[in-house]
Amino acid sequence: MTFATPSPSTGAASRPAAWRGVIDAYRSFLPVSTATPLVTLLEGNTPLIYSKVLSQRLGEPFHVYLKFEGLNPTGSFKDRGMTLAISKAVESGARAVLCASTGNTSASASAYAAKANLRSLVLIPRGAIALGKLSQALIHGARVVAVDGNFDVCLQLVRAMAQQHPITLVNSINPFRIEGQKTCAFEVCDVLGRAPDFHLIPVGNAGNITAHWKGYREYHRGGRIASLPVMLGFQARGAAPIVSGRVVKVPKTIATAIRIGNPASWQSALQARDESGGRIDAVSDRQILEAYQLLAQHDGLFVEPASAASVAGLLALARGGYFRRDLKRRGRRLKDPALLVCTLTGHGLKDPERALKSIRPPRTLPPQIEAISKAVGLR
Ligand SMILES: *Cc1c(COP(=O)(O)O)cnc(C)c1O
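Below is a summary of the structure that appears in this document.

What counts and how
Residues numbered from 1 in each chain as written. Predicted model: local features only at pLDDT ≥ 70, side-chain atom pairs only at ≥ 80, totals over all residues. Heavy atoms only, no water. Axes fitted to C-alpha atoms, helices over the stretch in contact; angles between N-to-C directions. Helix = DSSP H or I, 4+ residues; strand = E, 2+ residues; numbered from the N terminus. Parallel < 35°, antiparallel > 145°, perpendicular 65-115°, else oblique. Left-handed = near helix turned anticlockwise from the far one by under 90°. Contact = heavy atoms within 4.5 Å. Nonpolar A, V, L, I, M, F, W, Y, C, P; charged D, E, K, R; others polar. Near = heavy atom within 4 Å. Areas by Shrake-Rupley, 256 points an atom, 1.4 Å probe, with all protein chains shown as cover. 1 Å grid on protein atoms, 1.4 Å probe; cavity = no way out; pocket = protein on both sides within 12 Å on 5 of 7 lines; lining within 4 Å. Sits in = over half its atoms within 2 Å of the grid points. Buried < 20%, exposed > 50% of the residue type's maximum accessible area, 1.4 Å probe, protein only. Pairing = 2+ DSSP bridges.

Next up on the list: the packing of helix 4 (residues 104-116) against helix 5 (residues 131-139). Packing of helix 4 against helix 5 brings their axes to within 8 Å, and their N-to-C directions diverge by 25 degrees. In this view, helix 4 runs roughly parallel relative to helix 5, as classed from their interaxial angle. For helix 4 against helix 5, the interelement crossing comes out left-handed. Residues N104, S106, A107 and S110 of helix 4 form the contact with helix 5, whose own contacting residues are K133, Q136 and A137. Along the lines of polarity and charge, the residues of the contact of helix 4 with helix 5 split into two nonpolar, four polar and one charged.

Right, here's the structure in full:
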């Protein structure tokens, strides 16, 4: 049996030998100058992993790659945007930063603020963020307030607070967040040696789909890639305002990172969808949890539930024959490999309670080899 990965052609070897974070790597594409202090935890440079099981599910000519953003310093892609948002905040003389968060933004903001010696203030929806994320914000020294309201309420509050106080808002409405996050698309192209044909991504506040599309367009304009991917975004069915075209007052899903009813980057997500000829669809919690377990049990990747939305979407579209139809429509020969990339946005260790709820807990037995062997299927 072979586990070899079809090797994508290597991109231009323009990277320095030691990785120094996304600002250093992509300086010429980012709004920084020599006067910008560099606040980095060496985020980015995350692996792009070939998925044999997903490629086989789709069949030839499709090759599926997983961009595992859970390996960023605080365990999610938010670090890509936060290194820039915090560096720019320091450059502008800020003393404190503020965010509303479903968890990962606060984990990232508090870590980068700690590194930069800034105060961080965080509003979270009460009882609605995963334990790992809350523990991160607290241990990094953020002032955390749990608000009796959902994420959308928290975002409204911090927007108003940032107007009343000299404090920098680091939610993705801060344009530097989007700028930093677009480096994920750059890395994908650098590794594949071209743009993928399809890029699949979970959608919550819709900053990340916006950032990826911006990254691809800028690489295209800069002559680094010859084509652009189709952008495919996925919301959770109980929190799918972009799919339904209506604000969701009480968003519901087990995928807390995308439990958002009124996305800040709604319009730019529609733009990414329409300019790329893509779609934004809804996937059910059940589909999300199936993909979550499939990634863990066949690809060895432990992601958080929201991250699995991209793979849930991949499987749903594949079942409906979408990818084959789309290639045909565009006149692509079926023997060329078609490259698909799913962004896996965050690490599964953020939310261990979800894993324990999804799988039967271990049995407790007396220390007797016969009983134990039988219980684990050895005879
Ligand atoms: C923030 C986040 C998302 C959603 O990204 P948006 O930019 O808000 O669309 C998805 N998954 C994880 C793990 C996140 O932290």
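Before going further, it helps to spend a moment on the site of the ligand. For the ligand, the set of nearby residues contains 16 residues, the closest of which are K78, N104, G204, N205 and T345. Protein burial of the ligand: of its 380 Å² of free accessible surface, 97% is covered by the chains. Judged by its atoms lying within 2 Å of the grid points, the ligand is housed in the largest cavity. Along the lines of polarity and charge, the residues of the shell around the ligand split into six nonpolar, eight polar and two charged.

The next subject is the environment of E187. With respect to the helices, strands and loops of the structure, E187 is situated in helix 8 (residues 183-192). Residue E187 is classed as buried on the basis of its relative accessible area, which comes to 1%. Through-space distance from the C-alpha of E187 to that of L317 is 25 Å; in sequence the pair is 130 residues apart.

On to the sheet that holds strand 10 (residues 338-344). With respect to topology, six strands assemble into an open sheet ordered 1-2-10-7-8-9, the strand pairing being mixed. In this open sheet, the two edge strands, each paired with only one partner strand, are strand 1 (48-50) and strand 9 (279-283). For this sheet, the mean inter-axis angle between neighbouring strands, taken without regard to orientation, is 25 degrees. In this structure, strand 1 lies alongside strand 2 (residues 62-68), joined through three bridges in antiparallel fashion. The residue of strand 2 that forms the bridge with L48 is K67. Taken strand by strand, helix 13 (residues 309-319) contacts strand 2, strand 7 (198-202), strand 8 (230-236), strand 9 and strand 10, and its axis lies near 145 degrees from that of strand 10.

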